[in-house]
Structures are given as structure tokens and as C-alpha cells.
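# Commentary on secondary and tertiary structure
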Amino acid sequence: MSDPDDVPSTAPLVSVLYDPGALGDRGYNDLVYRGIENAAYNYGLRALQLSPTSEAEGLATLQTILDQMSVPQDTVRRLFIVAGASYDSYLRENNRRLENNPYADLLYLETSLPLEGKGSTLYLPYYGAMYEAGAIAHAVYEDVLLIGANPKVESVRSAVDGFTDGFNAGYPHFYDDGQLVTCWLSDDASGGFSIADSTAIRIMNDRDWESVSQLIVPVCGGAAGTFQRMCDMFGRYDYMGIDTSAEARNCPCSIIKHIDRAISVCIEQWLSSEGMPKHQRLSFADGYTEVILHPYTTGQKYLFEEMLTDGFFDSMYEDAVKKEAEYGL
């Protein structure tokens, strides 16, 4: 983490607040961290990254920062980035307090609903990339377990919707009786993003795995790494990498959200004379999410080879772009 004291105190300050325990997930939140650090280095900013250990600590931190930024302390520009859906209600009820400070700005990540009053929002929909991933999964696997952290986080819910719609879209598939089962790890907006090894093993073993090819798709933040580690350890199931390129023998493809690049774009906008847009959406068609194939690391590689030569993925991509644009309308 950059030390705010490493550069003159008049340098703009970017502060980030994460969900409790989010950093270290080797996925989305670590990419946000990397994007902030890169922008701080490139633009000579100070960066303060805050990762609370509990929801109560996170809410108290949010309250303190809004209190401090609600009135000008000096003429130093400050950008406060909220990277956690668990703070949604409090943030939307209190963001107007920043309107009294012309040097303070707010960016709220991963919501399609703009803020009323001061503050910008950014949304990188996962629907299109997950739609394509769902079609791929149905094409080459007989049994798929889709695991979501919780249905109350918009980005997770839309990812599960995209995967489900792609799986059921009717593309050619190798197994006639392929099935998709979905489970949620939590009903709480801050839950399901971490999980014990024993719980992950139980969830995987609870299935009646009678098919010849099984795939696990963990859309659950840091908990995805737990499922991936268990799959690698036992070698019984394949899995899709989420938010990071997980090249391993049991990983046929990864679904990536380039939030680090998006963060850099937003900070560059913030530093410009125009400032950040009130709301922006960086999509699958824009290249901010994508599916990366690792077909030669899996036992299903011969099916991927056949699909690649048939141009299967090219037509699927065009459909995914269209479906994402239509989703939620």
C-alpha cells in the first residue's frame, strides 16, 4: 500500500473502502487494489486502502470518512472509492453530505443504480462474459454446479443470471442430458465471500455426481479460491476461474473482469477538467470483461478443439454481446 506521507501533502488523495475481509481474494478486490496502486504511481497520488475486519468496523470507517469529507479541511482534492455492496444503504442515505465540499468526490463501484446527489457510479456487467461461459459449460460438460456468494449483490446475481441463460440458450452440446444446479452460500449482502475448506468439500460432495464430466463455477469472491484449491487438491472436478486467470489442469477457462483497468480510467477522468461521469457502464463489448480459454489444460480438450475449428466461439460471442445489452431492460 502506498504511504500517503511519501509524497507532498498537497497531492490528491484516493481512499478506498472494501467489504470486510475482501482483500487477499486473489480476484476482484485484489485487482481493485492493483488498479489503485498503479494509478497512484502513474499520477503521483497518495493512496489509502482500508480493509476492515468486520461489517461494524467497515460501517464505522465509512461514517468517519464521510464526516471528515463533509466539510473542506483544505484545498487538497480527495476521492473516496467505496468497493463494497454491504455499505449500500448507508452510503445512499449519506452521500449528499459531500455536496458542501468542492474538493471531495465519491465513486461507488459495481452498481447500475446511480447515486442521488453527489457521487459517481461505475458498473462492469458480468452478464455477457458469463453468458458465453454458460454456453461453453453446457457444450462440453454433463453436470455443472454454479455457486453464488449471495443473490443480494447485483454483480453476483447478474453473473449467475448470465451463466444460466447461456447454459440454457440451446447451443450445440455434447451431452444430451447435461444439467445445471445453482446454490447460494448466503442470503446476506456481505456473506458468501469466504468459506472454510470443510464447507467447500461438503458442498462439492453433497451432489450426486454420477456423470462422466463435472464442472464447478464459483461466483463467490475469495470463496472461489477455496473451491479451486479443493478441486486442484482432489482432482475430481474441473472448475472455471472467476476474476483471475487460473491456468491449471482442471480449469478449462477463466472469466475475467478488468476492474483494475476501469479504476485507472475513472481516476484519470477524475483528474481531468471534465471529471468523472455521473454513471458509466464498461461492458463485455468494450473488453472490460472476457472469457479466456485454457483448453489444453483439461481432460475435455478434444471437445474444445472441435468447437474452435467450427467457429463455435465466434458466433457465441456476438450473441453474448447482444444479450448483455438487452439484460435488465
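Nothing here was measured: the structure is a model prediction, and the numbers come from that model. (Residues numbered from 1 in each chain as written. Predicted model: local features only at pLDDT ≥ 70, side-chain atom pairs only at ≥ 80, totals over all residues. Heavy atoms only, no water.)

To continue, consider the overall build of the chain. Looking only at helices and strands, one finds 10 helices and 13 strands in the chain. Taken over C-alpha atoms, the radius of gyration comes to 21 Å for the chain, in line with the 20 Å a tight globule of 329 residues would show. Principal-axis analysis of the C-alpha atoms places the extent of the chain at approximately 65 × 40 × 35 Å. Classification of the 329 residues of the chain by burial places 53% in the buried group. Summarising the internal contacts of the chain: among those between residues at least 6 apart in sequence, 73% fall at separations of at least 24. For the chain, the exposed surface amounts to about 14,300 Å²; the carbon and sulfur share of it is 48%. The positive charge centre, built from 23 side chains, and the negative charge centre, built from 48, are 4 Å apart in the chain. (Helix = DSSP H or I, 4+ residues; strand = E, 2+ residues; numbered from the N terminus. Rg over C-alpha atoms; globule rule 2.2 N^0.38 Å. Buried < 20%, exposed > 50% of the residue type's maximum accessible area, 1.4 Å probe, protein only. Contact = heavy atoms within 4.5 Å. Areas by Shrake-Rupley, 256 points an atom, 1.4 Å probe, with all protein chains shown as cover. Lys, Arg positive; Asp, Glu negative; His and termini not counted. Charge placed at Lys NZ, Arg CZ, Asp CG, Glu CD.)

Turning next to helix H10 (residues 312-326). The first and last C-alpha atoms of H10 sit 22 Å apart over 15 residues, in line with the 21 Å expected at 1.5 Å per residue. Those residues of H10 that sit buried are Phe312, Phe313, Met316, Ala320 and Glu324. The buried residues of H10 all sit within an arc of 85° when viewed along its axis, so they share a single face. Of the residues in H10, the exposed ones pointing more than 90 degrees away from the buried face are Asp314, Glu318 and Lys322. Directly beyond the C-terminal end of H10, a positive phi value near 85° is found at Gly328. (Expected span 1.5 Å × (residues − 1). Arc of directions from axis to C-beta.)

Packing of helix H6 (residues 197-206) against helix H7 (residues 222-234) leaves a shortest axis separation of 9 Å and a crossing angle of 70°. When the axes of H6 and H7 are compared, the pair comes out roughly perpendicular. In the packing of H6 onto H7, the handedness of the crossing is right-handed. Residues Asp197, Ala200, Ile201, Ile203 and Met204 of H6 lie in contact with H7, whose contacting residues are Thr226, Phe227, Arg229, Met230, Cys231 and Phe234. Residues belonging to the contact of H6 with H7 are distributed by class as follows: 8 nonpolar, 1 polar and 2 charged. (Axes fitted to C-alpha atoms, helices over the stretch in contact; angles between N-to-C directions. Parallel < 35°, antiparallel > 145°, perpendicular 65-115°, else oblique. Left-handed = near helix turned anticlockwise from the far one by under 90°. Nonpolar A, V, L, I, M, F, W, Y, C, P; charged D, E, K, R; others polar.)

Attention shifts here to the side chain of Ser120. On the secondary structure map, Ser120 appears in strand E5 (residues 120-123). According to the relative accessible area criterion, Ser120 is buried, its value standing at 8%.

The values reported here are purely geometric and, on their own, carry no functional implication.
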